[in-house]
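# Structural characterization, general
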Amino acid sequence: MTRDKGNDLPDWLENVVAKEEKARRQAVQAAERRAAAENRAEIMPIAERFVSVNGEGPRSGRLAAFIRFAGCNLRCAWCDTAWAQGSDSVSEWRTTEELVRWVREAGVECVTLTGGEPLLQPGAAGLVEALVRAGAAAADEGGATSYASLVERASAAAEEAPAAGPLFVEIETNGSQPIRPLVALRDRLAEEGLPGRFGFTLDCKLPASGEARAMNEDNYALLGADDVVKFVIAEEDDLDAMLAVVEAHGLGGRCGVYLSPIMGVVDPAVVVDFMREHAMAYATLQLQLHKIIWPGVERGV
Ligand SMILES: Nc1nc2[nH]cc(C(=O)O)c2c(=O)[nH]1
Ligand code: SF4
Ligand SMILES: [Mg+2]
């Protein structure tokens, strides 16, 4: 006998079954969407990558591997990487694994994730974590952590021993994106015995950038000793706005405060005068090394 299931079940039970079936289908679809997003997160649009001396921040002057992500949500008036703002700047798509391998093979101990805006990438946190773990593993294997061991290794067989010691990952972010998820990752890594492996260089856009209102104000409270707030000074009036932010969020002494006058636009001596006048003993004047070494060169340095 052919049984028509629909005829066997009372209406109310049929409804329950249908609802359960719908919920199950939705759960499967959500899981598929999550998996697809995770796969996508693994492949990231890169504008350029290169090894150079770090031109900014606390590790200025040290070799670093730079990964510049394509795409930015802001349009700063003075942007020096405007070519990387749009999706047309993608030169390659790379997985987390490929990027980690490249960084390790570069044999450096600093890596800078920049852009564009790196925190627009869903895979950014995964990349940071993978870099930190790769750096920690290299250190466990006796990777170089001191100048002496660096020299020793370099003079041995540089091509056979490319990976250096622990990595410090600098995340150069434009200040508009929430850093909280990465701060949570940092706490988790510290609990695991891996503290101090990455830090934010958080831009605070001042009025002359035209993007001051885009800042995520919740970020400042989350910054600590491994982080820097970078203020690009594009006109002298930016200095007062900078000081207001520093004081409103109590940044002095809690994280780095770097003042970066645009070369040829704002005289660094004016910034030093301002620092003196306002007793900004905690602040650092930053002159971008790469702009001094390679004036006018926009890419690859
Ligand atoms: N040498 C060098 N140092 C840098 N530090 C931060 C950079 C950036 O573009 O975010 C940068 C850069 O583009 N080049
Ligand atoms: S946030 Fe950075 S990349 Fe984006 S427009 Fe501003 S300066 Fe350019
Ligand atoms: Mg930059």
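About the cut-offs
Residues numbered from 1 in each chain as written. Chains lettered and ligands numbered in written order. Predicted model: local features only at pLDDT ≥ 70, side-chain atom pairs only at ≥ 80, totals over all residues. Heavy atoms only, no water. Helix = DSSP H or I, 4+ residues; strand = E, 2+ residues; numbered from the N terminus. Contact = heavy atoms within 4.5 Å. Areas by Shrake-Rupley, 256 points an atom, 1.4 Å probe, with all protein chains shown as cover. Near = heavy atom within 4 Å. Polar contact = N/O pair within 3.5 Å; in protein donor to acceptor, adjacent residues only side chain to side chain. Nonpolar A, V, L, I, M, F, W, Y, C, P; charged D, E, K, R; others polar. Axes fitted to C-alpha atoms, helices over the stretch in contact; angles between N-to-C directions. Parallel < 35°, antiparallel > 145°, perpendicular 65-115°, else oblique. Left-handed = near helix turned anticlockwise from the far one by under 90°. Patch = residues over 30% accessible without salt bridge, like charges linked within 9 Å, V, L, I, M, F, W, Y side chains within 5 Å. Salt bridge = Lys/Arg side-chain N within 4 Å of Asp/Glu carboxyl O. UniProt positions renumbered as here; feature names shortened; annotations may be inferred. Buried < 20%, exposed > 50% of the residue type's maximum accessible area, 1.4 Å probe, protein only. Phe/Tyr/Trp six-rings, centres within 6.5 Å; stacked < 30°, edge-to-face > 60°. Lys NZ or Arg CZ within 6 Å of the ring centre and 35° of its normal.

A tally of helices and strands in the protein yields 9 helices and 9 strands. Intrachain contacts of the protein at a sequence separation of at least 6 include 76% that bridge at least 24 residues. Working note: accessible area of the protein is about 15500 Å², and carbon and sulfur atoms make up 52% of it.

This paragraph deals with the site of ligand 1. Near ligand 1, the surroundings consist of S52, V53, N54, G55, E56, F66, R68, T114, E172, H290 and V301. In the environment of ligand 1, a nitrogen atom lies 2.7 Å from a nitrogen or oxygen atom belonging to the backbone of V53. Here R68 contributes a side-chain N or O atom positioned 2.9 Å from an oxygen atom of ligand 1. When isolated, ligand 1 has an accessible area of 320 Å², and the protein chains bury 92% of it. Where the shell around ligand 1 is concerned, the elements lending two or more residues are β1 (43–53) and β2 (63–69). Tallied by class, the residues present in the shell around ligand 1 amount to 3 nonpolar, 5 polar and 3 charged.

With that out of the way, let us pick up the packing of helix α4 (residues 124–140) against helix α6 (residues 180–191). One can describe the packing of α4 onto α6 by two numbers: an axis separation of 10 Å at closest approach and a directional angle of 25 degrees. By the criterion of interaxial angle, the relationship of α4 to α6 is roughly parallel. Relative to α6, the crossing made by α4 is right-handed. Residue-level inspection shows A125, V128, E129, V132 and R133 of α4 in contact with α6, the latter providing L182, L185, R188 and L189.

This next bit is on a nonpolar patch on the surface. On the surface, M263, L287, I292, I293, W294 and V297 cluster together into a nonpolar patch covering about 510 Å² of accessible area. Counting through the fold element by element, M263 comes out in the loop between β8 (256–261) and α8 (268–277).

Take the site of ligand 2 next. Neighbouring residues of ligand 2: C72, L74, R75, C76, W78, C79, T81, Q85, G116, N174 and K205. Here the shell around ligand 2 is built from residues that sort into 5 nonpolar, 4 polar and 2 charged.

With that settled, consider the UniProt feature "binding site: Mg(2+)" (unreviewed entry) in the protein. Mapped onto this structure's residue numbering, the UniProt feature "binding site: Mg(2+)" (unreviewed entry) falls at T81. Relative to the assigned elements, T81 resides in the loop between β2 and β3 (92–95). Residue classification places T81 among the buried residues on the basis of a relative accessible area of 10%. Sequence-distant contacts of T81, defined by excluding residues within four places in its chain, comprise R68, G115 and G116.

Tracing the sequence through the fold places K230 in strand β7 (residues 228–233). Judged by its relative accessible area of 7%, K230 falls in the buried class. Between the C-alpha atom of K230 and that of G57, which follows or precedes it by 173 residues, the distance is 8.4 Å. In contact with K230, not counting residues within four places along its chain, are E56, E172, T201, L202, D203, C204, Y258, S260 and Q286.

Let us now look at the packing of aromatic side chains. Going through the model one piece at a time under the given rule, you end up with 2 aromatic pairs. Geometrically, the ring pair formed by F50 and F66 is stacked, given 4.9 Å between the ring centres and 15 degrees between the ring planes. Highlighted residues: F50 in strand β1 and F66 in strand β2, separated in sequence by 16 residues. Each member of the pair, F50 as well as F66, is classed as buried. With 6.1 Å between their ring centres and 85 degrees between their planes, F198 and F200 make a pair best called edge-to-face. The positively charged end of R49 is found above the aromatic ring belonging to W102, 5.1 Å away from the centroid. Cation over ring: R59 sits above F168, and NZ or CZ is 3.6 Å from the ring centre.

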